[in-house]
Amino acid sequence: MLATSAITSFAEVKINLADALPDSNFMVKNAVEFADAVKTVTDGNVVISVKAGGSLGLKGPDQLTAVRDGLVEMADINISQQVGVNPLFGVEGIPFLVSSMDELKKYHAIIRPVYEELAEKNNQKILYMVPSPAQYVYLKVLAANIEDFKGIPVRGADKNTVDIVSAIGMAGFVMPWGELIPALASGRVDGVATSATSGVDGKFWEFLKYVYPTNHTWGSNMVTINLDTWNSIPADQQEAILKVAAELEPKFWDVSRQGDVNSIKTMSENGMELVEISPELRAQMEERAAALQAAFLERVPDAKPLVEKYKASMN
């Protein structure tokens with residue numbers, strides 16, 4: 001049951017929420033549900049319009065600065081794509097650090113306050129955060145051993161993912177979602193590292209055959225609001241919005257979990273094959289990527305105490 005409260009009447013605030021993902025993606029559907037709930041609990045005084053599919057002309061890596069500068073009031077932001085603003089935004093994606101969504105929840109308890117500080121420094125406030133499902137690598141070829149991955153051009157959404165697949169032996173490169181499907185169609189890309197829900201969004205079965213459950217990293221989206229916009233909303237309405245966000249966030253996590261299961265089923269029904277990774281192959285992947293974790297902590301020393309605290313919590 002969503003929170004309700006006595007609301008102060010004031011001039012209607014109309015807000016655009018930019019989203020680079022397509023309407024079919026569960027992150028967008030979450031944002032629409034959140035927008036509807038906000039309209040309800042504010043008695044229609046705060047109206048959020050979700051603009052999906054990059055319709056506002058903003059690519060994923062642009063969204064944090066767009067909200068910061070007031071080019072758009074809100075955005076559904078892929079956190080890992082913001083490392084150019086601050087490298088700490090990459091701390092969630094350290095390779096093979098977190099192995100499940102339950103572990104991720106423990107990690108979020110440690111890193112979320114850091115994200116909130118970074119958001120505030122960039123003139124915005126986090127309303128809720130939702131992880132993508134487990135990560136996969138999608139390829140045209142069946143790889144029997146790690147050498148079979150060598151040189152395959154694979155798209156990643158951010159530098160961290162690209163570094164991981166490159167360490168494994170593939171030729172990784174960063175590409176925004178909006179450019180991916182044409183690249184797959186033209187043969188410029190022969191593989192993709194992303195979640196199962198994105199695999200369905202992109203109808204990967206039209207281009208790729210094999211699905212490898214590498215679970216090499218984790219990534220989340222955060223829905224943020226420009227602080228100038230936020231501060232224009234009366235305190236009681238802010239409180240109502242925050243209650244809605246807090247109530248919906250666990251549900252959105254469950255949507256992500258189920259989205260993974262449903263998406264793998266959809267891809268299998270469309271002819272894609274889920275390939276079991278042998279313990280030997282996984283060990284080779286982790287060994288090749290191990291140096292990246294040390295390199296990240298050396299490059300971003302502020303991340304080290306966060307990782308150490310997380311590892312200690314797992315003992």
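Criteria and thresholds
- Counting restarts for each chain, with residues numbered from 1 along the sequence as it is written.
- Thresholds applied to this predicted model are a pLDDT of at least 70 for local features of residues and 80 or more for the giving and counting of side-chain atom pairs; totals over whole chains, interfaces and linings are not thresholded and use all residues.
- Excluding hydrogens and water, the side-chain figures rest on all heavy atoms present in the structure.
- By the criteria applied, helices consist of DSSP H or I runs no shorter than four residues and strands consist of E runs no shorter than two, each listed in order from the N terminus.
- A helix is expected to span 1.5 Å for every residue after the first.
- To sort residues, take the accessible area from a 1.4 Å probe on protein chains only and compare it with the maximum for the residue type: under 20% means buried, over 50% means exposed, and anything in between is partly exposed.
- Polar contact is defined as a pair of N or O atoms within 3.5 Å, subject to the rule that within protein one atom must be able to donate a hydrogen and the other to accept it, and that residues adjacent in sequence are counted only when both atoms are side-chain atoms.
- Here a cavity means grid points, on a 1 Å grid over the protein atoms only, where a 1.4 Å probe fits yet cannot get out; a pocket means an open set of points with protein on both sides within 12 Å along at least five of seven lines; lining residues are those with an atom within 4 Å of a point.
- Grid points are joined across faces, edges and corners, and a volume is the space filled by probe spheres set on the points.
- Gly counts as polar in this scheme, as do all residues outside two lists: the nonpolar Ala, Val, Leu, Ile, Met, Phe, Trp, Tyr, Cys and Pro, and the charged Asp, Glu, Lys and Arg.
- By convention, a stacked pair of Phe, Tyr or Trp rings (six-membered ring in the case of Trp) has centres within 6.5 Å and planes under 30 degrees apart, an edge-to-face pair has planes over 60 apart, and any other such pair is tilted.
- To sit over a ring, a charge needs its Lys NZ or Arg CZ within 6 Å of the ring centre and within 35 degrees of the ring normal.

Trainee: Help me out: how do you make sense of helix α1 (residues 26-41) in this one?
Mentor: Note: α-helices contain 3.6 residues per turn, so residues at a spacing of three or four share the same orientation. Spanning 16 residues, α1 covers 22 Å between terminal C-alpha atoms, matching the ideal 22 Å at 1.5 Å per step. Residues of α1 that are buried include every one of Phe26, Met27, Val28, Asn30, Ala31, Phe34, Ala35, Ala37, Val38 and Val41, and no others. For α1, the N-terminal cap is Asn25; the gap from its side-chain oxygen to the backbone nitrogen of Met27 is 2.8 Å. One or two positions beyond α1, positive phi appears at Asp43, with a value near 55°.

Trainee: What should I look at first to understand the layout of surface pockets in this one?
Mentor: In this structure, the largest pocket spans a volume of roughly 620 Å³. Along the wall of the largest pocket there are 44 residues; nearest its centre are Leu21, Asn78, Gln81, Arg155 and Ala157. Going through the elements one at a time, α1, β3 (74-78), α4 (159-168), α5 (177-186), β8 (191-195), α6 (196-201) and β10 (220-226) are the ones with two or more residues in the lining of the largest pocket. Its residues assigned to classes, the lining of the largest pocket comprises 14 nonpolar, 23 polar and seven charged.

Trainee: What is the right way to look at the packing of aromatic side chains in this model?
Mentor: Two measures describe an aromatic ring pair: the distance that separates the ring centres and the angle between the ring planes. Applying the stated criterion across every chain, the model contains eight aromatic pairs. When the ring of Tyr136 is compared with that of Tyr138, the centres are 6.2 Å apart and the planes differ by 45°; the resulting orientation is tilted. When the centroid spacing of 5.6 Å and the interplanar angle of 75° are considered together, the rings of Phe149 and Tyr212 count as edge-to-face. Here Phe149, found in the loop between β5 (135-139) and β6 (153-156), pairs with Tyr212, found in strand β9 (residues 210-212); they are 63 residues apart in sequence, far enough to count as distant. Residue classification places Phe149 among the buried positions, given a relative accessible area of 1%. Among the aromatic side chains, those forming a connected cluster through ring pairs are Tyr136, Tyr138, Trp177 and Phe204. Positioned above the aromatic ring of Trp253 is the side chain of Lys105, whose terminal nitrogen or guanidinium carbon lies 5.0 Å from the ring centre.

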